[in-house]
Amino acid sequence: MEQIRTYSDERLDYYCAFCGSSPNTRDHIPSKILLDKPFPENLPVVPACRKCNQSFSKDEEYLACLIECAIHGTTEPRGLSRNKIATILSKKKPLKVRLEHAIVKKDNQIYFQTEENRVRNVILKLAQGHSRHENSESQFDEPVLLWFRPLTTMSDKEKEEFFSNEELT
């Protein structure tokens, strides 16, 4: 896998893309847990400190498993299409049980009660990483607005706002 070289000011490489401290590792954007092999050529990386890099790992694993389970409506490994996720859930019983307890059945549909803080952490991490890699800008401040919800649970007004090109006010 060839990594994309950034063409930004190289002085930015001396700061963790997520907290601004001194980096001693690199983090993939997007996270490899969200992808299957073969990984895309030129997968972007950003400088990261080990603390930030490791702090996202469990949340990224949770989100990848949540997405796969939500797509297939099950936490059973044999019912999933991504082998990587099936293997994780087979080996990590507490995560599987956690996701099983998050299942909500309503109106003949299956939903998952998400651990919003974990999903939020991954969304912010990906946004910070992409901002750093693509725009040569570090984003350490909290966003003004961040919300997420499955499309199937949104009201018509929320869907209209989500799909419009207008800024939310």
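Please read these numbers as outputs of a predicted model, since none were measured by experiment.

Thresholds, definitions, all that
Residues numbered from 1 in each chain as written. Predicted model: local features only at pLDDT ≥ 70, side-chain atom pairs only at ≥ 80, totals over all residues. Heavy atoms only, no water. Patch = residues over 30% accessible without salt bridge, like charges linked within 9 Å, V, L, I, M, F, W, Y side chains within 5 Å. Areas by Shrake-Rupley, 256 points an atom, 1.4 Å probe, with all protein chains shown as cover. Salt bridge = Lys/Arg side-chain N within 4 Å of Asp/Glu carboxyl O. Helix = DSSP H or I, 4+ residues; strand = E, 2+ residues; numbered from the N terminus. Buried < 20%, exposed > 50% of the residue type's maximum accessible area, 1.4 Å probe, protein only. Lys, Arg positive; Asp, Glu negative; His and termini not counted. Polar contact = N/O pair within 3.5 Å; in protein donor to acceptor, adjacent residues only side chain to side chain. Contact = heavy atoms within 4.5 Å. Core = buried A, V, L, I, M, F, W, Y, C linked by side-chain atoms within 4.5 Å.

This paragraph deals with a nonpolar patch on the surface. Residues V144, L145, W147, L151, F162 and F163 make up a contiguous nonpolar surface patch of roughly 670 Å² in combined accessible area. Position of L151 relative to the elements: it lies in the loop between α4 (116-135) and α5 (156-163). Taking relative accessible area as the criterion, L151 reaches 40% and is therefore assigned partly exposed.

Summed over the entire model, instances satisfying the criterion amount to 13 salt bridges. Between E142 and R120 there is a salt bridge, with the nearest N and O atoms lying 2.6 Å from each other. Taken together, the residues span a long stretch of sequence, with E142 in the loop between α4 and α5 and R120 in helix α4 at a distance of 22 residues. Residue R120 is classed as partly exposed on the basis of its relative accessible area of 28%. Three or more residues joined by partner-sharing salt bridges are found here, namely D59, R98, E115 and R118.

Considering the arrangement of structural elements, one finds E68 in helix α1 (residues 50-72). Buried within the structure, E68 lacks any salt-bridge partner; its nearest side chain of opposite charge belongs to R82, at an N-O separation of 4.9 Å. Polar side-chain contacts of E68 include one of 2.8 Å to the backbone nitrogen of S81. Not counting the four nearest positions on each side in its chain, E68 is found in contact with L80, S81, R82 and I85.

Mapped onto the fold, R26 is located in strand β1 (residues 25-28). The spatial distance from the C-alpha of R26 to the C-alpha of D13 is 9.9 Å, given a sequence separation of 13 residues.

Once that is clear, we can look at unusual backbone geometry. Of note, the bond from I29 into P30 is cis; its omega dihedral lies within 30 degrees of zero at 0°. In this fold, P30 is placed in the loop between β1 and β2 (45-48). Look at the link from K37 to P38: it is a cis peptide, with omega at 0°. Of note, N108 is a non-glycine position whose phi angle comes to about 60°, a positive value. Considering the arrangement of structural elements, one finds N108 in the loop between β3 (103-106) and β4 (109-112).

Another aspect to go through is the nonpolar core. By size, the foremost hydrophobic cluster in this structure holds 18 residues, and its most contacted members are C65, L66, I85, L89, L95 and L99. Only α1, α2 (83-91), α3 (93-101) and α4 provide two or more residues apiece to this core. Looking at this core element by element, the count peaks at 6 residues for α1. If near-sequence neighbours (up to four positions away) are discounted, L89 is found in contact with C65, C69, T75, P77, L80, L95, K96 and L99. Formed by 9 residues, the second largest nonpolar core is a distinct cluster that contains F18, V46, A48 and C52.

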